[in-house]
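# Coordinate analysis (summary)
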Amino acid sequence: MNELLKRLVIGALIGLVSGLVISFGTNAEGFFLTDLLDGYEFQSYDSRMRVRVEDVKEQTIDSVIVIDIDQNSTLSVEEGGLGRFQDWPQAQHGQLINVVSSGEPKALLFDIIFYPANDNDYFLVQDLVTEHKFTSQEMVNRANDFLFGKNPYALVDQTAASQKVHHSIVFEKEDSLNFLFKMNTEPKGYFYENHLIRGIPKGIAEQLPTADFIGNTYVELLSASTGAGSANFPQDEDGIIRRAPTAIYFEGPNHVYPSLVMSAVIDILGIKKDGGFDYDFDNNLLRLIDTTDTVIREIPIDEKGRMYVNYYGKFKTFYYLPYNYCIDPDMAEFFTDKVAFVGASLPGLMDLRNTPVQETFAGVEIHANVMHSILQNEFVSITDAQTNLWVLLIICILLGVLVSIPAKPLYTLPVPLLAIAVWVIFTYNAFFNDLKMWEVIRPALAMGSTYLGIFLYNFLVVEKDKRFLKNTFGAYISPELIDQMIDAKEEPSLGGEEGYHTAFFTDIQSFSAFSEKLSASDLVELLNDYLTEMTDILLDNKGTLDKYIGDAIVAFYGAPAPVDNHEYWACITAIKMQESLDELRLKWQAQGDRWPEIVHHMQNRIGINTGPMVTGNMGSTMRMNYTMMGDTVNLAARLEASAKQYGIYIQVADETYKACKDKFIWRDLDYVIVMGKTEPAQVFELIAEKGKMPLGYDKLLDAYHQALVFYRNQEWNKAIEAFKASDELEDMFPGRKTNPSRVYIPRCEHYKENPPGDDWDGSWALTKK
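Structural notes, computed from the coordinates. The structure displayed is predicted, hence computed values, not measured ones. (Residues numbered from 1 in each chain as written. Predicted model: local features only at pLDDT ≥ 70, side-chain atom pairs only at ≥ 80, totals over all residues. Heavy atoms only, no water.)

### Things to note about helix H3 (residues 90–102)
Taking 1.5 Å as the rise per residue, H3 with 13 residues should run 18 Å; its terminal C-alpha atoms sit 19 Å apart, in good agreement. Across the 13 residues of H3, 10 count as buried, placing the element largely inside the fold. Residues Gln90, Ala91, Gln92, His93, Gly94, Leu96, Ile97, Val99, Val100 and Ser101 constitute the buried set of H3. Positive phi appears at Glu104, one or two residues downstream of H3, with a value of about 60 degrees. (Helix = DSSP H or I, 4+ residues; strand = E, 2+ residues; numbered from the N terminus. Expected span 1.5 Å × (residues − 1). Buried < 20%, exposed > 50% of the residue type's maximum accessible area, 1.4 Å probe, protein only.)

### What to know about the sheet that holds strand E3 (residues 165–169)
If you walk across this open sheet you meet the 6 strands as E7-E3-E2-E16-E1-E15, and the pairing is parallel. Here the strands that pair on one side only, and so sit at the sheet edges, are strand E7 (227–230) and strand E15 (318–322). For this sheet, the mean angle separating the axes of adjacent strands, direction not counted, is 25 degrees. On top of the sheet, H3 reaches strand E1 (61–69), strand E2 (107–110), E3 and strand E16 (339–344); it is set at about 155 degrees to E2, its chief contact. (Pairing = 2+ DSSP bridges. Axes fitted to C-alpha atoms, helices over the stretch in contact; angles between N-to-C directions. Contact = heavy atoms within 4.5 Å.)

### A word on the nonpolar core
Met262, Phe277, Tyr279, Phe341, Met371 and Ile374 are the most contacted members of the largest nonpolar core, which totals 57 residues. Here the element with the most residues in this core is helix H11 (residues 363–376); it accounts for 7 residues. Excluding its chain neighbours within four sequence positions, the residues that come into contact with Phe341 are Val64, Ile65, Val66, Ile67, Leu109, Val261, Val364, His367, Ala368 and Met371. Leu526, Leu581, Cys660 and Phe664 belong to the second-largest nonpolar core, a separate cluster that totals 40 residues. (Core = buried A, V, L, I, M, F, W, Y, C linked by side-chain atoms within 4.5 Å.)

### Things to note about empty space enclosed by the protein
Throughout the structure, instances matching the rule amount to 3 cavities of 30 Å³ or more. In this structure, the largest cavity occupies an estimated 70 Å³ of space. If you trace the largest cavity, you find 14 residues lining it, with Phe233, Ala244, Pro245, Ser259 and Val261 closest to the centre. Breaking the lining of the largest cavity down by element, the ones donating at least two residues are strand E8 (243–245), helix H9 (260–269) and H11. A class-by-class count of the residues in the lining of the largest cavity yields 10 nonpolar, 4 polar and no charged. Counted as a void, the second largest cavity has a volume near 50 Å³. Around the second largest cavity, the lining is made up of 13 residues, and of these Asn194, His195, Ser263, Ile266 and Lys273 lie nearest the centre. Only E7 and H9 provide two or more residues apiece to the lining of the second largest cavity. (1 Å grid on protein atoms, 1.4 Å probe; cavity = no way out; pocket = protein on both sides within 12 Å on 5 of 7 lines; lining within 4 Å. Points joined across faces, edges and corners; volume = space filled by probe spheres on them. Nonpolar A, V, L, I, M, F, W, Y, C, P; charged D, E, K, R; others polar.)

In structure tokens form, the structure reads like this:
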């Protein structure tokens with residue numbers, strides 16, 4: 001299996017494992033991450049809901065109306081209101097029912113709990129009217145007005161007469177501490193038979209929200225209602241209302257009641273009360289079936305049969321009418337073919353709730369949103385667990401494959417970030433267009449964990465060999481070369497290998513004098529600055545550090561990993577070292593008396609040679625050192641040392657020169673026979689990069705090279721004069737004791753007295769290392 005295919009397979013497997021772990025590990029009941037991620041999923045749910053309704057204006061929906069017990073309605077009678085809500089006679093609500101019902105609405109729903117009224121005053125006045133003869137018609141009229149306005153039967157009578165009214169039932173759980181004990185049947189006097197939903201198997205009913213107690217005491221009003229249902233809204237753990245029950249299981253008598261909205265929907269849509277509610281918990285659907293046995297609605301539900309509230313806007317998106325306006329008979333026609341809810345937006349009446357779209361939201365308008373959603377057949381749906389699992393696995397596997405294409409996963413860091421962004425955009429688009437709520441947090445977490453898993457796999461497994469090589473070679477090989485070794489699958493082993501490479505030696509000029517002038521601590525500080533700077537340059541330019549010998553640096557190019565044109569990189573390193581040393585000298589000079597004069601004028605010398613040599617790990621299996629050996633290496637060392645005799649600072653042998661002569665400026669230096677050798681080697685001084693001629697060097701090099709021609713032609717007198725002329729052009733900066741022109745003058749005088757003969761090859765034997 002090739003490397004790419006192997007990476008892709010491993011990436012896919014890591015994606016698969018990440019998807020499975022996130023899917024099953026964060027959905028386990030009772031596990032702390034489950035609740036944590038569910039909370040974040042709720043927040044993403046709310047965010048999409050808010051964005052969707054952001055631009056919806058107030059009062060844009062008038063097919064469902066809220067008759068609002070608002071500030072205006074509770075003003076004093078003198079100010080045009082009806083007084084304190086708690087003081088309103090129930091006959092007032094009867095009058096409202098009469099007005100609204102006469103307009104032929106689809107339904108009138110009360111999101112209010114009524115209790116039997118205190119009717120003592122009413123019966124007292126009634127007895128007075130019956131048994132007492134008033135002396136004026138005005139007193140009779142006033143008494144009759146009182147009896148009409150305070151009639152305690154008006155609310156029940158108008159409810160019964162309307163056939164459009166649905167009242168709220170208070171369902172509660174058993175609470176013995178508050179004397180709320182479980183009921184085995186409905187309250188006495190409540191004729192509930194027409195309010196039940198029948199045909200739901202007990203096993204299904206038990207999955208619905210359950211109740212043990214009915215808190216209503218005004219059973220005559222409930223009995224008179226066309227329908228009745230639960231007005232309760234369950235809050236999620238964060239206190240926000242996102243779901244609405246469709247039915248409640250009253251456990252004691254084993255009865256199922258609709259929600260308040262569903263009670264009206266049964267009449268509006270003609271739903272069968274026996275068999276009209278088909279709960280399919282396998283597919284999370286509630287099918288509403290009408291009297292013709294036709295499924296007319298399929299409502300997405302959760303595991304408790306609750307539907308997700310489709311919020312159409314913020315507070316007052318629906319048409320709100322003040323309660324006191326709606327008791328005017330002239331308003332009757334306004335309610336034709338509309339659904340009306342009676343409720344309160346007054347904070348003092350304690351019916352303000354927290355919703356995804358707004359923190360303070362009238363509870364009655366939540367009912368209105370649910371009703372409008374059902375009538376419009378527009379439902380929010382949540383993706384089921386199986387769909388979430390498969391989508392999660394597919395996303396993670398694809399991401400794992402994509403991230404694994406490059407050898408280094410760090411290069412693909414934008415991929416999971418882009419994938420998460422694309423997924424978020426997709427989920428928002430799916431909700432805006434189809435009201436489909438996809439999970440956001442778990443897929444994002446799974447994508448992040450897939451990338452992290454691949455990254456850790458590469459770090460702990462794939463990069464293990466690379467770390468070993470870095471630990472072995474890191475101190476003396478550039479990271480780029482180590483990468484090449486990784487690609488070539490080369491590992492360090494004991495032994496050497498012959499190859500054609502470039503050796504590099506550098507040393508500080510007159511270093512022993514520094515030891516005399518500096519304290520031990522100052523010498524260590526100086527060497528640390530110098531060696532750190534020089535080594536960084538070496539490694540940054542593809543060099544391999546062999547060793548430090550005191551102040552000397554020994555290095556080579558072309559091993560253990562091959563380097564294109566290694567000769568060039570050695571020469572550019574030498575030039576950059578000299579440039580860096582210039583900067584160090586300026587820094588030390590700027591520090592004034594901190595350093596002695598010798599430090600201000602520090603120079604180093606460099607010797608470079610290219611040729612065959614042996615490189616490899618020398619030593620034992622317990623302790624290895626990657627080094628080089630051979631004549632090529634020895635000559636490079638001699639060139640570094642002999643540069644002192646010429647007063648130059650970079651001396652390069654012919655093999656290196658020929659490989660990159662067009663890229664640099666050179667001085668043809670000499671043909672030398674170093675100690676221990678019999679064959680001459682042509683050497684050059686490396687001046688600068690091509691196109692960066694130092695000031696004055698153009699004239700100097702022309703004069704010098706002309707003198708060298710006279711020298712090699714054995715025209716000694718002309719050579720002496722020419723070298724004297726070029727010597728005048730040499731830069732004798734502080735610390736430089738000689739120069740190549742000055743070296744040749746006594747040599748010419750020597751040969752003038754002792755001619756070398758016609759077979760002379762132009763070489764000069766060095767007598768010092």
